[in-house]
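Listed here are the chains, written in short residue letters.
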Amino acid sequence: EPRPRRIFSKLIEAFRAIQVEHHHTKEEILDIYLSLLPFGGNYEGLETASLAFFGHDASRLSPAEIATLLAIPQAPSFRQPAPKNEQYLRAARNKIARQLLEQDALPRGMLSERITVEEAIESIEKSPVPTEFRPMPREIPHLAIQMRRRYPEAKRLQLAIDRSIQVIAESMVAQHRTRIEE
């Protein structure tokens, strides 16, 4: 609900926040927020960004990847993966990583093998930042994961997408595309 920045607008926002908290738990609100975070281009949501930037789901993010994903939504147009944004993204990622490590909010290894904050910062600073978007998965496992999260109580979910039909359809499209492009 975009509005001019005035006191009345802030009161409306506060009222909306109370309404949201009345209807949703804090965990649900966080899940909604994480699914709507802007990551540049048409990419929204933590899981989508994790797949698009690193090629794996968010549960497997490294400390450097976590800090990267925290940096992008603050200024998506200047920090989304692109060669021209690399220095901005790297600087923001390193700053966020340092802050989180100093607060012991980023993992530094198993308890018996924990590295120091400075070693973790050095490791993160040496790691690359994404400079391009990866192709999104073209199969349906990401849908299955999403549906499992949405309906955790369900023992079995039946979806209308059939993987074998998807593979056949993609093959036919690829064949016709080659013929059309010739």
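Now for a quick tour of the structure.

The rules behind the values
- Per chain, residue numbering runs from 1 following the sequence as it is written.
- Where totals are concerned, whole chains, interfaces and linings use all residues; where local detail is concerned, this predicted model gives features only for residues with pLDDT of at least 70, and gives and counts side-chain atom pairs only at 80 or more.
- Hydrogens and water molecules were not included; the side-chain quantities draw on all heavy atoms of the structure.
- Each helix corresponds to a stretch of at least 4 residues labelled H or I by DSSP, and each strand to a stretch of at least 2 residues labelled E; elements are numbered beginning at the N terminus.
- In this treatment the radius of gyration is a C-alpha quantity, and the globule benchmark scales as 2.2 Å times the residue count to the 0.38 power.
- Here the term buried applies to any residue with accessible area under 20% of the maximum for its type, exposed to any over 50%, and partly exposed to those in between, with areas from a 1.4 Å probe on protein chains only.
- The contact criterion used throughout is that any non-hydrogen atoms of two residues lie within 4.5 Å.
- Method for areas: the Shrake-Rupley scheme with a 1.4 Å probe, in which residue coverage is limited to the protein chains shown.
- In summary, the charge assignment counts Lys and Arg as positive and Asp and Glu as negative, without counting His or the chain termini.
- Here the site of a charge means atom NZ of a Lys, CZ of an Arg, CG of an Asp or CD of a Glu.
- Remark: nonpolar core denotes a set of buried residues (Ala, Val, Leu, Ile, Met, Phe, Trp, Tyr, Cys) joined through side-chain atoms within 4.5 Å.
- Any N or O atom pair separated by 3.5 Å or less is treated as a polar contact, with the protein-specific requirement of one donor-capable and one acceptor-capable atom, and with residues adjacent in sequence counted only for side-chain atom pairs.
- Whenever a helix is involved, its axis is fitted only over the stretch in contact; in every case the axis is a line through C-alpha atoms, and angles between N-to-C directions fall within 0 to 180 degrees.
- Here roughly perpendicular refers to angles of 65 to 115 degrees, roughly parallel to angles under 35, roughly antiparallel to angles over 145, and oblique to all remaining angles.
- By convention the crossing between two helices is left-handed if the near helix lies anticlockwise of the far one by an angle smaller than a right angle, and right-handed if it lies clockwise.
- Gly counts as polar in this scheme, as do all residues outside two lists: the nonpolar Ala, Val, Leu, Ile, Met, Phe, Trp, Tyr, Cys and Pro, and the charged Asp, Glu, Lys and Arg.
- A pairing counts as a salt bridge when a side-chain nitrogen of Lys or Arg comes within 4 Å of a carboxyl oxygen of Asp or Glu.

**Some remarks on the overall build of the protein**
- When helices and strands are tallied, the protein shows nine helices and zero strands.
- When the helices and strands of the protein are placed in sequence order, the string is α-α-α-α-α-α-α-α-α.
- Over its C-alpha atoms the protein spans a radius of gyration of 21 Å, topping by over 25% the 16 Å that the globule rule assigns to 182 residues.
- Here the protein holds 182 residues, and 27% of them are scored as buried.
- Of all intrachain contacts in the protein linking residues separated by at least 6 positions in sequence, the fraction that spans at least 24 positions is 47%.
- Accessible area for the protein stands at about 13500 Å²; split by element, carbon and sulfur atoms hold 57% of it.
- Treating the 26 positive side-chain charges of the protein as one cloud and the 25 negative ones as another, the clouds have centres 4 Å apart.

**Some points on the nonpolar core**
- Among the nonpolar cores identified, the biggest contains 24 residues, and Phe39, Phe53, Leu69, Leu101, Leu106 and Ile124 are the most heavily contacted of them.
- Listing elements by their share of this core, those giving two or more residues are helix H3 (46-54), helix H4 (63-71), helix H6 (86-102) and helix H7 (117-126).
- For this core, the element with the highest residue contribution is H6, accounting for six residues.
- Leu106 has contacts with Pro63, Ile66, Ala97, Leu100, Leu101 and Ile124, leaving out every residue within four places of it along the chain.

**Comments concerning unusual backbone geometry**
- In this model, Asp104 sits at a positive phi of 55°, which is unusual for a non-glycine residue.
- Inspection of the secondary structure puts Asp104 in the loop between H6 and H7.
- Look at Asp104 and you get partly exposed, because its relative accessible area is 45%.

**Describing H3**
- Among all positions of H3, only Ala49, Ser50, Leu51, Ala52, Phe53 and Phe54 are buried.
- Once H3 finishes, Gly55 follows within two positions and takes phi at roughly 80°, a positive value.

**Some words on the side chain of Arg108**
- Tracing the backbone through its elements, the reader meets Arg108 in the loop between H6 and H7.
- There is a polar contact of 3.2 Å between the side chain of Arg108 and the side chain of Asp104.
- Setting aside its immediate chain neighbours within four residues, Arg108 contacts Leu101, Glu113, Arg114, Ile115, Thr116, Val117 and Ala120.

**Some points on the packing of H3 against H4**
- With their axes 11 Å apart at the nearest point, H3 and H4 run at an angle of 120° to one another. What the angle tells us is that H3 and H4 run oblique. Judged by the sense of rotation from one axis to the other, the crossing of H3 with H4 is right-handed. Contact with H3, carried on its side by Leu46, Ala49, Ser50, Phe53 and Phe54, involves Glu65, Thr68 and Leu69 of H4 and no other residues of that element.
- Along the lines of polarity and charge, the residues of the contact of H3 with H4 split into five nonpolar, two polar and one charged.

**Structural notes on the packing of H6 against H7**
- For the pair H6 and H7, the least separation of the axes is 10 Å and the interaxial angle reads 160°. One way to sum up the angle between H6 and H7 is to call them roughly antiparallel. Judged by the twist between their axes, the crossing of H6 over H7 is right-handed. Contact residues: Arg90, Arg93, Asn94, Ala97, Arg98, Leu101 and Glu102 in H6; Val117, Glu118, Ala120, Ile121, Ile124 and Glu125 in H7.
- Taken together, the residues that form the contact of H6 with H7 break down as six nonpolar, one polar and six charged.

**Some remarks on the pattern of salt bridges**
- On inspection of all chains with the given rule, the structure shows ten salt bridges.
- The partner of Glu125 in a salt bridge is Arg98, and the shortest N-O contact between them spans 3.8 Å. Pair noted here: Glu125 is in helix H7 and Arg98 is in helix H6, with a separation of 27 residues, a long-range link.
- Since its relative accessible area comes to 35%, Glu125 is described here as partly exposed.
- Here Arg98 falls in the partly exposed class, since its relative accessible area comes to 31%.

Scope: geometric values only; no functional claims are made or implied.
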